[in-house]
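# Analysis of the macromolecular model
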Amino acid sequence: MPLFELSDFYEYCRENQVDVIPFDRCPQEAATIRDQGFYGVFLNLKKLSSLKLLRGVCCHELGHVATGALHKVDSPFELVERSEYRANRYVAEHFLTPADFAQAFSLGYTEPWQLSDFFELPEADVCRALTYWKEARGMDFPEKEP
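Here goes a summary of the coordinates provided. Just so it is clear, the structure is predicted and the values come from calculations on it, not from any experiment.

Quick look at the overall build of the protein now. Of the regular secondary structure elements, the protein holds six helices and three strands. Moving toward the C terminus, one meets the helices and strands of the protein in the order α-β-β-β-α-α-α-α-α. For the protein, the C-alpha radius of gyration of 16 Å lies close to 15 Å, the compact-globule estimate for 146 residues. Reported as C-alpha extents along the three principal axes, the dimensions of the protein are approximately 50 × 30 × 25 Å. Counting the 146 residues in the protein, one finds 42% classified as buried. Considering only intrachain contacts with a sequence separation of at least 6, the fraction spanning at least 24 residues in the protein is 52%. In the structure as shown, the protein presents an accessible area of about 8,700 Å², 53% of it carried by carbon and sulfur atoms.

It is worth spelling out the packing of helix H4 (residues 98–106) against helix H5 (residues 112–119) at this point. Viewed as axis vectors pointing N to C, H4 and H5 meet at an angle of 115°, and their least axial separation amounts to 11 Å. In terms of their interaxial angle, H4 and H5 are classed as roughly perpendicular. Crossing of H4 against H5: the hand is right-handed. Only Leu115, Phe118 and Phe119 of H5 make contact with H4, whose side of the interface consists of Asp100, Phe101, Gln103, Ala104 and Phe105. Split by residue class, the contact of H4 with H5 holds six nonpolar, one polar and one charged.

So, on to the nonpolar core. Of all hydrophobic cores here, the largest spans 36 residues; its most connected members are Phe4, Phe101, Leu115 and Phe119. If you list the elements that add at least two residues to this core, you get helix H1 (6–15), strand S3 (38–43), helix H2 (51–67), helix H3 (80–95), H4, H5 and helix H6 (123–136). Considering each element in turn, this core owes the most residues, seven residues, to H2. Setting aside anything within four residues of it in sequence, one finds Leu115 in contact with Phe101, Ala104, Phe105, Tyr109, Thr110, Val126 and Leu130.

What follows deals with H4. Along H4, the positions that sit buried rather than exposed are Pro98, Asp100, Phe101, Ala104 and Phe105. Viewed along the axis of H4, the buried residues span an arc of 160°, placing them on a single side of the element. Turned more than 90 degrees away from the buried face of H4, the exposed residues are Ala99 and Ser106. Buried residues belonging to H4 abut H3, H5 and H6. Where H4 ends, the next residue or the one after it, Gly108, has phi of about 95°, a positive value.

This brings us to the side chain of Gln114. Along the polypeptide, Gln114 turns up in helix H5. Separated by 2.9 Å, the side chain of Gln114 and the backbone nitrogen of Glu111 make a polar contact. In contact with Gln114, not counting residues within four places along its chain, are Gly108 and Tyr109.

Turning to the packing of H5 against H6, a few remarks are in order. Remark: H5 packs on H6, axes separated minimally by 8 Å, with the N-to-C direction vectors making an angle of 105°. Put simply, H5 runs roughly perpendicular to H6. Seen from H5, the contacting residues are Pro112, Trp113, Leu115, Ser116 and Phe119; seen from H6, they are Glu123, Val126, Cys127 and Leu130.

Moving on, we get to the sheet that holds S3. In spatial order, the strands read S1-S3-S2; together these three strands make up an open sheet with mixed pairing. The open sheet has two edge strands with one neighbour each: strand S1 (19–22) and strand S2 (30–35). Going from strand to strand, the sheet's axes swing by 20° on average, the running direction of each strand aside. One ladder, built from four bridges, connects S1 with S3; its direction is parallel. Across the sheet, the residue bridging to Asp19 is Gly40, located in S3.

In this section: the environment of Tyr10. In this structure, Tyr10 sits in helix H1. Through-space distance from the C-alpha of Tyr10 to that of Glu29 is 17 Å; in sequence the pair is 19 residues apart. Leave out the neighbours within four places in its chain, and Tyr10 touches Val20 and Leu43.

Cut-offs applied
Residues numbered from 1 in each chain as written. Predicted model: local features only at pLDDT ≥ 70, side-chain atom pairs only at ≥ 80, totals over all residues. Heavy atoms only, no water. Helix = DSSP H or I, 4+ residues; strand = E, 2+ residues; numbered from the N terminus. Rg over C-alpha atoms; globule rule 2.2 N^0.38 Å. Buried < 20%, exposed > 50% of the residue type's maximum accessible area, 1.4 Å probe, protein only. Contact = heavy atoms within 4.5 Å. Areas by Shrake-Rupley, 256 points an atom, 1.4 Å probe, with all protein chains shown as cover. Axes fitted to C-alpha atoms, helices over the stretch in contact; angles between N-to-C directions. Parallel < 35°, antiparallel > 145°, perpendicular 65-115°, else oblique. Left-handed = near helix turned anticlockwise from the far one by under 90°. Nonpolar A, V, L, I, M, F, W, Y, C, P; charged D, E, K, R; others polar. Core = buried A, V, L, I, M, F, W, Y, C linked by side-chain atoms within 4.5 Å. Arc of directions from axis to C-beta. Polar contact = N/O pair within 3.5 Å; in protein donor to acceptor, adjacent residues only side chain to side chain. Pairing = 2+ DSSP bridges.

Encoded structure:
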């Protein structure tokens with residue numbers, strides 16, 4: 001039972017006039033740009049080898065758009081890491097919450113790969129959210145089912 005659906009991403013983009021553009025020359029799996037208040041999310045579908053990866057990328061790019069966490073490519077003053085952190089925090093706070101993890105743990109999903117399958121998101125995204133809740137928010141989750 002995924003907590004993030006691709007329809008969430010596309011609905012948000014439609015409601016907020018964010019263009020979603022397939023662009024196979026994008027060097028990354030995806031990129032979000034803002035120009036004079038308008039957003040575009042470019043998806044390199046050639047680099048998105050699975051539905052789980054597509055879901056993770058769209059979830060993450062939604063975090064960039066919803067928070068405005070973008071950086072200028074050539075700016076020496078803006079840190080890429082800060083924008084990435086804000087987008088990842090958005091994903092954790094909206095789609096991988098402590099309640100979501102508690103539910104997964106209560107059903108016996110405890111290993112990173114199991115949590116990835118449960119949430120239908122890439123393992124790295126799930127681990128990043130779990131780390132956020134543990135380290136930045138001081139949440140305590142059981143390592144193994146009691």
